[in-house]
Structures are given as C-alpha cells and as structure tokens.
Amino acid sequence: MVVQDLDRNAGRRTNAMVIVFVIGIVFGFVAAFAGRWTIEGLAGTYDVRAVISEWNSKTTEGQDGPHTGYEVMAITEDGRAIEVPTRDAFGLADPVVVRLSSVTDRVLSVRGADRVVEAHHPWEKITAMSLGWALLVLAAVVLVRAARPGAVRKSPPFLAGLAFAAFVVLTPVGFGGTAYRETADPVPNFWELRRDLWGPPPVFARGQTAVSGDSAVRVLDSRLGAPSGAEAWLSGFHVLTLRIEAARLGDTALELSADEHGEPERVKDCAGAPGAFDGATGLVCFVVPPGYRPEYLLIGKLDREVLLKLR
C-alpha cells in the first residue's frame, strides 16, 4: 500500500514537472518573440542597396483555400545574398533598399521605386506582439499569486522550458537566423532577353529627338543623383535624373535599358521633386541598380520601341 502511494505521488510529481516545463516553453516562446520584436523596433537600423535576383512562388491547397508562399532573394551592393519578405511586391531585377536591424540583421522594411513593404510593424504584428506582452503580464500576475512553498522545487523545469523556447526562437538553428543567406542566383539580364525576342529597334543618337509613332522625346540633360526637393527616401537609392521635353507623349512608355546589374525603375513624379515631368517637359527619375551604366532611354513598346542613346 505504501509502495502504491509512493508511486502515485511520484507520478503526480512527474506530471506536474512536465506541465510546468510546457508552461515554461509557452512563456519562453511568447517572451522571446515579443522581446526580439521590441528590441528590433527600438534599436538602430542600417540600409543596404540590393537587386532582386530570385523570385519563386508555390501555391498549395489548404483547409481555408489556396495559399501562396514566396521566396524572394536579392543580391546586395557588396555581393551578399539576402532574403527579403516582400511576397509579390517587387519583380525580378528590381532595385530595392533593404532596412535591417543592427542587432539581429533581420529585415524591417524593403523600399522600391513605387512602394515600401513593412516587414516589422504592419498592424498584424503590432496586434500579435501587444497581445503577447499582455499575456505575459497577466500570466506573471497569476503565477505570483498562485506561488506556494513548492514553487522553488518547480522552478527548474519552468526555467528549462523557458530556456529551451528562447534557444529555439533566438538562435540560428531555430527562428533566429539573420536575413543573410549563403548564395543566390545572379541578377537576370532582361536586356539580352528583350533583344532576342524583339530584335534591334531603331536607335537615335545622343541629343537627337527620338520618334516613336506620334510621340517625340528629347533628353536635354542627365545627371546622377536625386533632384532637389525629392522625398528623403529617394536619396537612399542610386538615381539617374533626366530632363526631357516631349510632344504627344500621352501614355507612351519611358524606360531605361537594363543590363547585367538589373533593371531601372521609374519613380512617379520624381518623388515629389519640383519640376517633375508634366507631359511636355521636366524631370524624369529612375532608381538604378548598383554598378549600372545608362546606355539608352527606351520610348514606346514592342514594334514601336525606339532607343535614344544617353552617352
């Protein structure tokens, strides 16, 4: 009888230790995720210029319908591979500026020519982390009130669970890896692909007026750098600013030729700079990939595409 009571008590103690260990794991996960998120929001940041070099998506069927997952990789200005959580916001060969946490090297935001993707503080994460902190405070109050003399005996499995969860969340072997990766595919050269598909279009010499259908465009000046008065974020990119005059341009496309470094993207209204192109004359701005050398301004599309030499 005594032996059965001892076994029963030992079983209760074991079950209690397991429950306390699991509670420690739950606390550890919530605390680690919320703590890391808070530190990333309060600590310093740094920016790197990069170009999207890989863009993969996979759609799977789930209980709530189809779900699409994305893997987007970029090559930074210093040649490092970095994973960017941008889903389908940007395309292959697009130049971007990635903001990372100086503490964890995790991506906080990614900005392109026409949009910014917030990876750190969209409303879903703010809500989740706020609830996480509220849960921790509430649970801590409950534990303190429920503490008994036996709490000291139960603290080792609780701390073990806490440490285990924190290890999984904060270390590279779990969820604590940085955004940097070992390798990524090289940036595709869409210029070569475009020429293979459509052949060589008419080319106008530098300083001439390029004519595409009813549209006519002339470049009056070009210079590197964002124009005065543009929004501050534009200065984080490499920028090529053209001053042009045009006639009957309408919705005719204006692009820069791509190269092996990536594909320039036009910035709407030069990010608010005074004197932006108004349909007849003014500034046209492009964010360009690191190492890019401007060759041509492309006017029009497909069979009406013409090239205007920039140098």
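None of the values given here were measured: they were computed from a predicted structure.

Asker: So what's going on with the overall build of the chain? Which residues, and what values?
Answerer: Along its length, the chain carries 4 helices and 16 strands. Counting over 311 residues, the chain shows a buried share of 39%. Considering only intrachain contacts with a sequence separation of at least 6, the fraction spanning at least 24 residues in the chain is 68%. Counting only carbon and sulfur atoms, one obtains 58% of the accessible surface of the chain, whose full area is about 17,700 Å².

Asker: Run through the pattern of salt bridges, naming residues and quoting values.
Answerer: Using the criterion set out here, one finds 11 salt bridges in the structure. The closest approach of N and O atoms between E77 and R49, which form a salt bridge, is 3.2 Å. Residue E77 is located in the loop between β2 (65–76) and β3 (81–83), and its partner R49 is located in strand β1 (residues 45–62); the two are separated by 28 residues in the primary sequence. One salt bridge in this structure joins E245 and R218, with 2.9 Å as the shortest N-O distance. Here E245 is found in strand β11 (residues 238–247), whereas its partner R218 is found in strand β10 (residues 215–224), with 27 residues between them in sequence. Classification of E245 by relative accessible area gives partly exposed; the value is 32%. Classification of R218 as partly exposed rests on a relative accessible area of 29%.

Asker: Lay out the state of the cysteines in plain terms, naming residues and giving numbers.
Answerer: Here the structure, examined in full by the defined rule, presents 1 disulfide. The disulfide partner of C270 is C285, and the S-S distance across this bridge is 2.0 Å. Disulfide C270-C285: torsion about the S-S bond near 105°, hence right-handed. Here the residue C270 occupies a position in the loop between β13 (265–267) and β14 (281–288), and C285 occupies one in strand β14, the gap between them amounting to 15 residues. The buried category is assigned to C270, whose relative accessible area is 1%. Residue C285 is classed as buried on the basis of its relative accessible area, which comes to 0%.

Asker: Could you give an account of helix α4 (residues 190–198), naming the residues involved and the relevant values?
Answerer: Three or four residues apart is the spacing at which side chains of an α-helix point the same way, because the helix has 3.6 residues per turn. Along α4, the residues that are buried comprise W191, R194 and R195. Looking straight down α4, one finds that the buried residues subtend no more than 95° of arc, so they occupy a single side. Seen from the buried face of α4, the exposed residues on the opposite side, beyond 90 degrees, are D196 and L197. Of the surrounding secondary structure, the elements contacted by the buried residues of α4 are β12 (254–256), β15 (296–299) and β16 (306–309). The opening residue of α4 is N189, an N-cap whose side-chain oxygen sits 3.1 Å from the backbone nitrogen of W191. G199 lies just past α4 and shows a positive phi near 75°.

Asker: Would you mind going over the pairing of β10 in detail, with residue names and values included?
Answerer: Here strand β9 (residues 210–212) runs beside β10; their pairing, made up of 3 bridges, is antiparallel. Looking at β10, one finds that V211 is bridged to A216. Two successive antiparallel strands, β9 and β10, enclose a turn made up of 2 residues, where G213 displays a positive phi of approximately 65°. Where β10 lies against β11, 8 bridges are found, and the strand directions are antiparallel.

Asker: Pulling in residues and values, what's your account of the sheet that holds β1?
Answerer: Pairing in this open sheet of 7 strands is antiparallel, and the strands run β6-β5-β4-β1-β2-β3-β7 from one edge to the other. Strands at the two margins of the open sheet, each flanked by one partner only, are β6 (116–118) and β7 (180–181).

Asker: Describe the environment of I52, naming the residues involved and giving the relevant values.
Answerer: Considering the arrangement of structural elements, one finds I52 in strand β1. Taking the relative accessible area as the measure of exposure, I52 reaches 0% and is therefore buried. Sequence-wise, I52 and A81 are 29 residues apart; in three dimensions their C-alpha atoms are separated by 9.8 Å. Residues in contact with I52, not counting those within four places in the same chain, are V72, M73, A74, V84, F90, G91, L92, A93, D94, V96, V187 and P188.

So, how was this worked out
Residues numbered from 1 in each chain as written. Predicted model: local features only at pLDDT ≥ 70, side-chain atom pairs only at ≥ 80, totals over all residues. Heavy atoms only, no water. Helix = DSSP H or I, 4+ residues; strand = E, 2+ residues; numbered from the N terminus. Buried < 20%, exposed > 50% of the residue type's maximum accessible area, 1.4 Å probe, protein only. Contact = heavy atoms within 4.5 Å. Areas by Shrake-Rupley, 256 points an atom, 1.4 Å probe, with all protein chains shown as cover. Salt bridge = Lys/Arg side-chain N within 4 Å of Asp/Glu carboxyl O. Disulfide = S-S within 2.5 Å. Arc of directions from axis to C-beta. Polar contact = N/O pair within 3.5 Å; in protein donor to acceptor, adjacent residues only side chain to side chain. Pairing = 2+ DSSP bridges.

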